Protein chains: 4
Amino acid sequence: MTLTQETSARTITRKPVPHHASLIVKGKDRTGIVAAVGALLSRHGANIVSLDQYSDNPQGGAFFQRTVFSLDNLQAVLPAIEHDLQERLRADFELEFTLRDLSVPKRVAIFASKSDHCLLDLLWRHRRGQLPVNVSMVISNHPDTAEEVRGFGIPFFHVPSMGPDKSAAEAEHLRLLRGNVDFIVLARYMQIISGDFIEQVGVPIINIHHSFLPAFIGAGPYAKAKERGVKLIGATAHYVTEDLDEGPIIEQDVVRVTHAETAADLQRRGADVERAVLSRAVEWHSQDRVIRHGNHTIVFA
Amino acid sequence: MTLTQETSARTITRKPVPHHASLIVKGKDRTGIVAAVGALLSRHGANIVSLDQYSDNPQGGAFFQRTVFSLDNLQAVLPAIEHDLQERLRADFELEFTLRDLSVPKRVAIFASKSDHCLLDLLWRHRRGQLPVNVSMVISNHPDTAEEVRGFGIPFFHVPSMGPDKSAAEAEHLRLLRGNVDFIVLARYMQIISGDFIEQVGVPIINIHHSFLPAFIGAGPYAKAKERGVKLIGATAHYVTEDLDEGPIIEQDVVRVTHAETAADLQRRGADVERAVLSRAVEWHSQDRVIRHGNHTIVFA
Amino acid sequence: MTLTQETSARTITRKPVPHHASLIVKGKDRTGIVAAVGALLSRHGANIVSLDQYSDNPQGGAFFQRTVFSLDNLQAVLPAIEHDLQERLRADFELEFTLRDLSVPKRVAIFASKSDHCLLDLLWRHRRGQLPVNVSMVISNHPDTAEEVRGFGIPFFHVPSMGPDKSAAEAEHLRLLRGNVDFIVLARYMQIISGDFIEQVGVPIINIHHSFLPAFIGAGPYAKAKERGVKLIGATAHYVTEDLDEGPIIEQDVVRVTHAETAADLQRRGADVERAVLSRAVEWHSQDRVIRHGNHTIVFA
Amino acid sequence: MTLTQETSARTITRKPVPHHASLIVKGKDRTGIVAAVGALLSRHGANIVSLDQYSDNPQGGAFFQRTVFSLDNLQAVLPAIEHDLQERLRADFELEFTLRDLSVPKRVAIFASKSDHCLLDLLWRHRRGQLPVNVSMVISNHPDTAEEVRGFGIPFFHVPSMGPDKSAAEAEHLRLLRGNVDFIVLARYMQIISGDFIEQVGVPIINIHHSFLPAFIGAGPYAKAKERGVKLIGATAHYVTEDLDEGPIIEQDVVRVTHAETAADLQRRGADVERAVLSRAVEWHSQDRVIRHGNHTIVFA
């Protein structure tokens, strides 16, 4: 048995970090970008805490850099840094950038339906301090999980969504979300999201698909996996685009299965993979570790 | 996003199965055991649903067999089958056996301390119908999880256990447990269990150790893993014996880590492995899939 | 460093086993099959060494059983056992069965092209005694690997196969193979196999596909995987049928990749998965551990 | 089956790259290091191709950075860069650094005994262009693999090493190695290496240990793993130090096993893990991706 001294797991945190900011830089690769960013941050007294970069072709390909830096009087200096980056990176290098104070957690809305395994896993990790986000609300087309969600101290909104016309439901969604969230997570939300909604809501949407995409696209992936006799089943977290199940993949994982497992067994086994994959995707997104580029992602995990 | 038709995850079950029984046979390997068991069950009209066997040496080594069979009037016939097995297996083959009606779930007590990830994962899987057990009670040396546990409809008992002398606490444990449970799970219970208690309680005890045993035996395994610079960390579920961390291993798993992760990160990552490994061990034990043999286990998973 | 006493790895073997036979039984599930097989083998003095069974539905579903038994005078008694099985299983239970003396290794022909990683891995494992087969010959549409293959003491035949008409090449293949092999392995053989050839050659054909089927069916899977931005790449060993990449899957595995890996990197990483997956499939097939059923496999690994 | 157009796997390479250099920087963390390195390289017209850095504590902890940069006239400019680094990093920041032209592959000697799986895997990967090294020689205390090694075009030296006194053998080793190699790989070399030898040879030595260290230190790890009943077995590549099996770990991996596998099976399964783990460690070391720090490694893989 175990003898470890008592340590409360609740003290282990990936909480938002004070005095830290993330800088994401993206654009055409050219000589000197890393040096220019380094020099600029250095001039403001910032200390680089971590730096990841990737170029898909050093001869003028696409360049990506994630830098986390610390600075004691961060909030006071951030506008000046932003101004300098604007001048130096946008003007001299034609690069895009995003600068974000990491002490301000991203605000997320979680959409769910009846299946609660992904939803509860996110709420549970959030309560343990493992997800550096503010969960603004949970929206579901079923009332079943209301009590449990509210037990976590999170607002729950029941928005029914029957039939093929989603416009009423989506209008209600937009009313709830506008101005209140920085991204959305579909935690096994079993309703189609319209292109209109994606455009109007204007924030990234992360979905968990219950298969190893692009295998078993669409409905009923576990039944299809059983039918095809595969030896591994998986799950995929991806950004939602208008093309169903075709958005940029953030994370995937699989688990081994055998002939002896029924489609229901696969679904049960898959649920564990789904919640693990989704929680990793949400954690990485909330820490600015995922950069979208065309239909791909650069993940500095 | 996903389009699967609504299916409630709560309908997927590993519930106790009606009309099914498990038969575990154990002893010295001899020619004809499988045939004898098959013939005996067949005579009673039983249909073999699954059969696993293992012999560590066909020439007189140790033999193990797990058979699950179905029979419409199971409860009526079980005593007659038991009687026949007694005569045939014990008398002719000198084998030990255990016969169990699988429609009667095993009763379990879960011991926990402050860390709640293993405890909550078990309760959550139980509620989803994934663990074919009755959770009789949760016992903790801390009151922190009382409300949450009771929210699952499970009795919670707070039994403080301070200082080196565990006799008062263990006496209280025995009062609560006696006659009420078929096995015990230590879900990150951070107190020493005495040899006396193990003997007196008389039911199997499953512990989750937060390392890949036999590496990092004892206290503080994640700190030790960080110190040694390992590239994988793991967890081990095992039966508790008087020898600390030395009991028969039921299940193990690992996850990859890097130099960049702190001991606290390892603990956080390890928590996911711990709950996965422990839930598999509990599921297998509750389905009679684990056979102890000396300091080893045969696992027909 | 290591201090292990010298042990030659070449002494570790999965060589064909003397006095052992495998019995594969397949058909409609009915009460009493396991018992009948057990009793029959017992009557002939056979000792069951391992037994695996699976039923996809105990109420009249499909039933599969693999039994390995030992018997001192196996070759003398095998015909009598076969006769009894014929009567008992075919007549009473309407089951199909296959009985095979495991001391006689299956004979295999390996087809290859320019890529040599799967071919060499098989030959290397075979030399170490890890594959219980006789490699009758290697056939390639390129002469490149001739010297290396012959260095293993294996006959090598170069059969060019240019253009869309494969009939001349396939006629030559049939001349070489007929009567000489029990199964064929396509070890990254980059030519289409015609339905005619599959029918005429009359032995199972195992192929390794360089993706996690059904994802990335067809040509260029690593380029497609890079294009789709997946986070895992895989390989699939399957039986060849007339439907390209659609045959029964035997084994699959995957490996994690990142955005930073090029399509060429994926191909290089994938090569390790391919050879591992193919060698497992060949080992299991040669030990009668894989049972085909419709477009699926039952794998008693 | 597969339809991919013919591509020779031999064209996929991790060959030494022309015009590229690696710069490893190591020392006490201070504000401005990344910027200073970037500015310095930029001044010489170098383009940063990849950059990884890690600090175990931004407040004065240990700092590590690996930078790969490209420069058309690299060989001409390298001395000037080195001179500037000397001044800027050593003088201003008190950092150590190593600068290396990546077009010059590291020279390696491989030590082996009778077991050939790790040796052959390295030679085979090297021939495929997957290891950016020059294999200068293979040294073995057994003559068995001489012909095979020479078939790869690599010099083979048989240096017997019987009895406890290794001084004669080690003297011969030193004569062969001195001035000829940049690092040594013990590919299942079953002899003790003395502290004297480690000191005198003066280059890093990588060993593959056939267990998941620190579990099963010392001789006979697979027998010990079987005895302890573990459910996973592994392998560990580490740098050799005077303390047996205690050196800095470079890479580890594991594979799942069951009760049914004998110690010989574990050894056979483990061989696959050993060769995979060792080849990754050798690849990373040869690309300057592994930085030693005390008894740990920073691996920028």
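Basis of the calculations
- Residues numbered from 1 in each chain as written.
- Chains lettered and ligands numbered in written order.
- Predicted model: local features only at pLDDT ≥ 70, side-chain atom pairs only at ≥ 80, totals over all residues.
- Heavy atoms only, no water.
- Helix = DSSP H or I, 4+ residues; strand = E, 2+ residues; numbered from the N terminus.
- Rg over C-alpha atoms; globule rule 2.2 N^0.38 Å.
- Buried < 20%, exposed > 50% of the residue type's maximum accessible area, 1.4 Å probe, protein only.
- Contact = heavy atoms within 4.5 Å.
- Areas by Shrake-Rupley, 256 points an atom, 1.4 Å probe, with all protein chains shown as cover.
- Lys, Arg positive; Asp, Glu negative; His and termini not counted.
- Charge placed at Lys NZ, Arg CZ, Asp CG, Glu CD.
- Salt bridge = Lys/Arg side-chain N within 4 Å of Asp/Glu carboxyl O.
- Domains from an automatic or database assignment.
- Polar contact = N/O pair within 3.5 Å; in protein donor to acceptor, adjacent residues only side chain to side chain.
- Nonpolar A, V, L, I, M, F, W, Y, C, P; charged D, E, K, R; others polar.
- Phe/Tyr/Trp six-rings, centres within 6.5 Å; stacked < 30°, edge-to-face > 60°.
- Least-squares fit on C-alpha atoms with pLDDT ≥ 70 in both.
- Disulfide = S-S within 2.5 Å.
- Buried area = accessible area lost by both parts, 1.4 Å probe.
- Pairing = 2+ DSSP bridges.
- Axes fitted to C-alpha atoms, helices over the stretch in contact; angles between N-to-C directions.
- pLDDT = per-residue confidence, 0-100.

Right, let's talk about the overall build of chain A for a bit. Along its length, chain A carries 8 helices and 13 strands. Relative to a compact globule of 301 residues, whose C-alpha radius of gyration would be 19 Å, chain A shows 21 Å and is just as compact. Along the first, second and third principal axes, the C-alpha set of chain A runs to 60 × 50 × 45 Å. When each of the 301 residues of chain A is scored for burial, the buried share is 61%. A sequence separation of at least 24 residues applies to 66% of the contacts in chain A between residues at least 6 apart. As presented, chain A carries roughly 11100 Å² of accessible surface, and 51% of it is formed by carbon and sulfur atoms. Looking at charge distribution, chain A has the averaged site of its 33 positive side-chain charges lying 4 Å from that of its 36 negative ones.

Our next topic: the pattern of salt bridges. Tallied over the full model, the rule gives 84 salt bridges over all chains. For aspartate 116 of chain D, the salt bridge goes to arginine 128 of chain C, with nearest N and O atoms at 3.3 Å. Of this pair, aspartate 116 of chain D sits in the loop between strand E5 (106-112) and helix H3 (117-127) while arginine 128 of chain C sits in the loop between helix H3 (117-127) and strand E6 (133-140), each in a different chain. Across the pair, exposure class does not vary: aspartate 116 of chain D and arginine 128 of chain C are buried alike. Ionic contacts of the salt-bridge type, sharing partners, join the residues Asp121, Arg125, Asp272 and Arg275 of chain A together with Asp121, Arg125, Asp272 and Arg275 of chain B into one network.

When the parts come together, some accessible area is lost, and that loss is often what is quoted as the size of the interface. All names here are of chain A. Domain annotation of chain A identifies domain 1 (5-12 + 105-299) and domain 2 (20-101). A straight line from the C-alpha centre of domain 1 to that of domain 2 covers 31 Å. Counting residues at the interface gives 9 residues for domain 1, matched by 9 residues for domain 2. Close ionic contact of aspartate 288 with arginine 100 constitutes a salt bridge, the shortest N to O distance being 3.0 Å. Linking domain 1 with domain 2 are 6 residue pairs in polar contact (both at pLDDT 80 or more), by the criterion used here. No other element matches the 3 residues that strand E12 (residues 290-293) contributes to the side of domain 1 that touches domain 2. Considering only residue class, the side of domain 1 that touches domain 2 consists of 2 nonpolar, 3 polar and 4 charged.

We now examine the packing of aromatic side chains. Applying the stated rule across the entire model yields 14 aromatic pairs over all chains. On the basis of an interplanar angle of 85 degrees and a centroid distance of 5.2 Å, the ring pair of phenylalanine 111 of chain B and tyrosine 189 of chain B is categorised as edge-to-face. With a gap of 78 residues between them, phenylalanine 111 of chain B in strand E5 (residues 106-112) and tyrosine 189 of chain B in the loop between strand E8 (183-186) and helix H6 (195-201) connect regions that are remote in the sequence. Across the pair, tyrosine 189 of chain B and phenylalanine 111 of chain B agree in class, each one buried. Grouping aromatic residues by their ring pairs yields a cluster made of Phe111, Tyr189 and Phe197 of chain A.

Superposing chain C onto chain B requires a rotation of 180 degrees together with a translation of 0.0 Å along the rotation axis, leaving an RMSD of 0.0 Å. Such a turn and shift between the copies fits a two-fold axis. When C-alpha distances to the rotation axis are compared across chain C, the minimum falls at alanine 35 of chain C, with a value of 2.8 Å. When you check the interface residues of chain C against chain B, 100% turn up at the interface there too, and the contact is symmetric in its surfaces.

Inspection of the entire model under this criterion finds 0 disulfides over all chains. Distance from the sulfur of cysteine 118 of chain A, which forms no disulfide, to the nearest cysteine sulfur (cysteine 118 of chain B) is 20 Å. For cysteine 118 of chain A, a relative accessible area of 1% gives the class buried.

One can find glycine 32 of chain C in the loop between strand E1 (20-28) and helix H1 (33-43). Taking the C-alpha atoms as reference points, glycine 32 of chain C and threonine 67 of chain C, separated by 35 residues in sequence, lie 15 Å from one another. Among residues more than four places away in sequence, those in contact with glycine 32 of chain C are Ser42 and Asn47 of chain B together with Phe93 of chain C.

Right, let's talk about the interface of chain C and chain B for a bit. In this complex, chain C contributes 18 residues to the contact, which on the side of chain B involves 18 residues. Between chain C and chain B, the buried area comes to about 1500 Å², and carbon and sulfur atoms account for 53% of it. At the boundary of chain C and chain B, one finds 2 residue pairs in polar contact (both at pLDDT 80 or more). Of the residues forming the side of chain C that touches chain B, the biggest block, 6 residues, is contributed by strand E2 (residues 47-55) of chain C. When grouped by side-chain class, the residues that make up the side of chain C that touches chain B number 8 nonpolar, 8 polar and 2 charged.

Turning next to the environment of aspartate 101 of chain B. All names here are of chain B. In this fold, aspartate 101 is placed in strand E4 (residues 96-101). For the pair aspartate 101 and serine 22, spaced 79 residues apart in sequence, the C-alpha to C-alpha distance is 6.6 Å. If we ignore the near neighbours within four places in the chain, the residues touching aspartate 101 are His20, Ala21, Leu74, Gln75 and Leu78. Engagement of the side chain of aspartate 101 in a polar contact is seen with the side chain of glutamine 75, the distance being 3.3 Å. Only 2.8 Å separates the side chain of aspartate 101 from the side chain of serine 103, close enough to count as a polar contact.

On the secondary structure map, aspartate 29 of chain A appears in the loop between strand E1 (20-28) and helix H1 (33-43). In this structure aspartate 29 of chain A is buried but unpaired, with arginine 30 of chain A as the nearest side chain of opposite charge at 8.1 Å. There is a polar contact of 2.7 Å between the side chain of aspartate 29 of chain A and the side chain of serine 55 of chain A. Aspartate 29 of chain A has contacts with Ser55, Asn57, Pro58, Gly60, Gly61 and Phe63 of chain A together with Asn47 of chain D, leaving out every residue within four places of it along the chain.

Attention now moves to the sheet that holds strand E9 (residues 205-209) of chain B. Residue and element names in this part refer to chain B. As summarised here, the arrangement of the 7 strands in space is E7-E6-E5-E8-E9-E10-E11, forming an open sheet in which the pairing is mixed. Of all the strands in the sheet, just strand E7 (156-158) and strand E11 (249-256) have a single pairing partner and so form its edges. When strand polarity is set aside, the average angle formed by the axes of neighbouring strands in this sheet is 20 degrees. Across 4 bridges, E9 lies against strand E10 (residues 232-239) in antiparallel orientation.

Attention now moves to the side chain of threonine 145 of chain B. All names here are of chain B. Counting through the fold element by element, threonine 145 comes out in the loop between strand E6 (133-140) and helix H4 (146-151). The class for threonine 145 is buried, based on a relative accessible area of 3%. Excluding residues within four positions of it along the chain, threonine 145 makes contact with Asp116, Leu119 and Phe156.

Before going further, it helps to examine the sheet that holds strand E8 (residues 183-186) of chain A. Backbone-to-backbone hydrogen bonds join strands into a sheet, with any given pair of strands oriented parallel or antiparallel. Residues and elements named next belong to chain A. Reading across the sheet, the 7 strands line up as E7-E6-E5-E8-E9-E10-E11 and stay open at both edges, with mixed pairing between neighbours. Lying at the two open borders of the sheet, with one neighbouring strand each, are strand E7 (156-158) and strand E11 (249-256). Geometrically, the sheet is characterised by an average inter-axis angle of 20 degrees between neighbouring strands, direction not taken into account. In the sheet, strand E10 (residues 232-239) pairs with E11 via 7 bridges, with the strands oriented antiparallel. Among the inter-strand pairings, isoleucine 233 is bridged to a residue of E11, identified as valine 255.

A few words on the confidence of the model for chain A. All names here are of chain A. When the pLDDT values of chain A are averaged, the result is 92; 95% of them are 70 or greater. Overall, residues 1-14 carries pLDDT values under 50, and its contacts beyond four positions in sequence, including any with other chains, amount to 55 contacts. If you check the scores for this complex, the pTM reads 0.92 and the ipTM reads 0.90.

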